[in-house]
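# Residue-level structural notes
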Amino acid sequence: MEIMADKNEWGSNLSFILAMIGSAVGLGNIWRYPYVLYSNGGGAFYIPYIVAILLMGIPFLILEYGVGYNFKSSFPKAIRKIHSNWEYLGWLLPVAVFMIMIYYSAILGWDGIYMILSFTKGWGANPDTFFATTLLQSSDSMSGLAHFIPIIAVAMLIGWVIIWFISHRDLEEGLGKVSKVLVPALFIIMVIIVGFSLTLPGASIGLAELFNPDWSLLTHFEIWMAAFGQIVFSLSLGMSIAFTYASYTSDDADLITNTISIALANSLFENFAALGVFSILGYMSLQSGTAVADLVTQGTGLVFVVYPTVFNVLGQWAYVLGPLFFLTVYLAGLTSILSTIEPLSFSIQNKFGLTRSRTMTILVIVGAAMSMIYATAYGGELLGFVDTFINQIALLFGVILECIIFAWIFKAEKLIDFLNSRSKTIKVGKWWLVIVKYILPIFISIIWIGGLIDVINTGTMEQLNFTVVIALLLLISTGIFTIMPAKNPEWDDTEERV
Ligand code: TRP
């Protein structure tokens, strides 16, 4: 156990903070946020957004960190200690995050391909057709599963090798060191891209469009839902990642101050990304005469269709900006995906007594094999289903579950003295308890039910069927981990630090 603890400990507080920022700053900040901001009232969105950070992001992270720090063990091991019959719930979130990892690896693979293509604008004159037809060979019929696309498989496997290379080392040697290099690099490249974008003719058109506040939307429930949803996704809340990372800290961490730094850095990055995205869209709108509103699309569309379209009209500059942009997405995605393997890996190490290195090797092989389903012509369609399931259902459920288990059963009160004694900035007190015990679980439950109804109402029959299959897969694999007998004699003695 002694040796294992070493392998799973941050070398310094800086490694912990940067790795958390690396987990938070990802595809959600680059493609998701600009679109969410734009379609939910522009400048007016900042009000629900800031409320979501103050009311949920920061208080919830403090809770998740506090409990993770206290137990210094994996999520299911801690849940077992909190309530001996609840181990199943403890495996649910680490397994769900691992599912996120598998589909994130596909987007990472696509991005890798675009990074190479961007040197020659290899997507041709018609990026839309290129993405959907030439590259993904998208098919919305299940028979597409039989059609394997080797180039995507290769790109994804390269990603898995990189992940393995970093993750199978001891925590500080791998993830810690990599975060210290990549996360600052990410911010620097972003500054360069945004700086350049702001000088483009037409940038102000895009920015005016982005920030043009529509105050009337503030009375709409949807924009509040959107703000809370964005913060959950962007800060990687409720998926036992923050918990696991905090359990890796040494004894003197100032968790409250760390939380504030991480939330600030994450918001800074995504708002910066929004400036860049909309300056570029403004430029394109000027060039093509299309209104900005018609250029904005969400998700993979924005990254893999709109950007290549922009680079096509950008002339020589595109050969610098293009590779730089796809590199940023790659690095942001990489530092996030590295966080999605940690909770399950640490849980398996704890229960079955395997080493970090061996566990990572097994998980990477299993993950890579399973991810190959996304390297088929049906992969794009399937990825959409899984993404919706994760975002609308699983993530928010994780937040509610953690609120109940941590704030009520474990009792958040127990953490207050300890948190405050380390904090050099703000202190937590009554208001924090009210938020994590009442406001958050109630509010997120409302949003969760709204999202569930939305999936049922708007989903096709095929999507609903797949959602059930995905959910069953999650529930069954969670069951298997729970039932399998522990191999580590220390599985049942969990110490507490607070
Ligand atoms: N936060 C990441 C992003 O913005 C995505 C992410 C990584 C995530 N790990 C997560 C989201 C865990 C939810 C849960 O792209």
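In this text, all values refer to a predicted model and were calculated from it rather than measured experimentally.

## Digging into the overall build of the protein chain
- For the protein chain, the count of helices and strands is 21 helices and zero strands.
- By the compact-globule yardstick of 23 Å for 498 residues, the protein chain fits well, its C-alpha radius of gyration being 22 Å.
- With the principal axes as the frame, the protein chain shows a C-alpha extent of 65 × 50 × 45 Å.
- In the protein chain, which comprises 498 residues, the proportion classed as buried is 59%.
- Just so you have it, the protein chain exposes about 18800 Å², and 69% of that area is on carbon and sulfur atoms.

## Description of the pattern of salt bridges
- Counted by the stated rule, this structure contains 12 salt bridges.
- In this structure, the salt-bridge partner of D492 is R80, at a minimum N-O distance of 2.9 Å. Residue D492 is located in the segment after α21 (461-483), and its partner R80 is located in helix α5 (residues 75-82); the two are separated by 412 residues in the primary sequence.
- Residue classification places D492 among the exposed positions, given a relative accessible area of 55%.
- Put simply, R80, E87, K351 and D492 are held in one network by salt bridges that share partners.

## Brief notes about the side chain of Q349
- Within the secondary structure, Q349 sits in helix α16 (residues 318-352).
- Owing to a relative accessible area of 0%, Q349 belongs among the buried residues under this scheme.
- There is a polar contact of 2.8 Å between the side chain of Q349 and the side chain of N8.

## Here's the deal with α5
- For α5, the tally of buried residues reaches six of eight residues, placing the bulk of the element in the interior.
- By the burial criterion, the buried members of α5 are F75, P76, K77, A78, I79 and I82.

## A look at the site of the ligand
- By nearness alone, 17 residues border the ligand, and A24, G28, Y104, F233 and S236 come closest of all.
- At 2.8 Å from an oxygen atom of the ligand is found a main-chain nitrogen or oxygen belonging to G28.
- Burial of the ligand by the protein chains amounts to 100% of its free accessible area of 360 Å².
- More than half of the atoms belonging to the ligand lie within 2 Å of the grid points that define the largest cavity.
- Tallied by class, the residues present in the shell around the ligand amount to eight nonpolar, nine polar and no charged.

## Some thoughts on the side chain of K351
- Among the secondary structure elements, K351 is positioned in helix α16.
- A polar contact of 2.9 Å, which involves the side chain of K351, links it to the backbone oxygen of F481.
- Within the structure, K351 has its side chain in polar contact with the backbone oxygen of M484 (distance 2.8 Å).
- Those residues within four positions of K351 in sequence are excluded, and the remaining contacts are E87, W91, F481, T482, M484, P485, A486, K487, N488 and W491.

## A closer look at α21
- Compared with an ideal rise of 1.5 Å per residue, which puts 23 residues at 33 Å, α21 spans 33 Å between its outermost C-alpha atoms and is within 8% of the ideal.
- Of the positions making up α21, those classed as buried are Q463, F466, T467, I470, A471, L474, T478, G479 and F481.
- Residues of α21 that are buried in the fold lie against α6 (87-117), α16 and α18 (379-411).

## Details of empty space enclosed by the protein
- As enumerated under the stated definition, the model contains two cavities of 30 Å³ or more in all.
- Around the largest cavity, the lining is made up of 18 residues, and of these I100, Y104, F233, S236 and T340 lie nearest the centre.
- Those elements that place two or more of their residues in the lining of the largest cavity are α2 (13-24), α6, α11 (221-234) and α16.
- In this structure, the second largest cavity spans a volume of roughly 50 Å³.
- M190, I193, V194, S197, A273, G276, V277, I280, Y307 and F325 are the residues that line the second largest cavity.
- Those elements that place two or more of their residues in the lining of the second largest cavity are α9 (172-198) and α13 (255-288).
- For the lining of the second largest cavity, a count of residues per class yields eight nonpolar, two polar and no charged.

## Here's the deal with the nonpolar core
- Counting 186 residues, the largest nonpolar core has F326 and W432 as its most contacted members.
- Examining the composition of this core, we find that 21 residues originate from one element, α6, more than from any other.

## Digging into the environment of G41
- Relative to the assigned elements, G41 resides in the loop between α3 (27-39) and α4 (46-71).
- Here G41 falls in the buried class, since its relative accessible area comes to 6%.
- Sequence-wise, G41 and N212 are 171 residues apart; in three dimensions their C-alpha atoms are separated by 7.8 Å.
- Every residue in contact with G41, bar those within four places of it in the chain, is listed here: N212, P213, D214 and L217.

## Some points on a nonpolar patch on the surface
- Together, F221, I404, W408, I409, V434, Y438, I439, I442 and I446 line one region of the surface with nonpolar side chains, adding up to about 780 Å² of accessible area.
- With respect to the helices and strands, the residue F221 is situated in helix α11.
- F221 sits in the partly exposed class, given a relative accessible area of 37%.

Rules used throughout
- Residues numbered from 1 in each chain as written.
- Predicted model: local features only at pLDDT ≥ 70, side-chain atom pairs only at ≥ 80, totals over all residues.
- Heavy atoms only, no water.
- Helix = DSSP H or I, 4+ residues; strand = E, 2+ residues; numbered from the N terminus.
- Rg over C-alpha atoms; globule rule 2.2 N^0.38 Å.
- Buried < 20%, exposed > 50% of the residue type's maximum accessible area, 1.4 Å probe, protein only.
- Areas by Shrake-Rupley, 256 points an atom, 1.4 Å probe, with all protein chains shown as cover.
- Salt bridge = Lys/Arg side-chain N within 4 Å of Asp/Glu carboxyl O.
- Polar contact = N/O pair within 3.5 Å; in protein donor to acceptor, adjacent residues only side chain to side chain.
- Near = heavy atom within 4 Å.
- 1 Å grid on protein atoms, 1.4 Å probe; cavity = no way out; pocket = protein on both sides within 12 Å on 5 of 7 lines; lining within 4 Å.
- Sits in = over half its atoms within 2 Å of the grid points.
- Nonpolar A, V, L, I, M, F, W, Y, C, P; charged D, E, K, R; others polar.
- Contact = heavy atoms within 4.5 Å.
- Expected span 1.5 Å × (residues − 1).
- Points joined across faces, edges and corners; volume = space filled by probe spheres on them.
- Core = buried A, V, L, I, M, F, W, Y, C linked by side-chain atoms within 4.5 Å.
- Patch = residues over 30% accessible without salt bridge, like charges linked within 9 Å, V, L, I, M, F, W, Y side chains within 5 Å.

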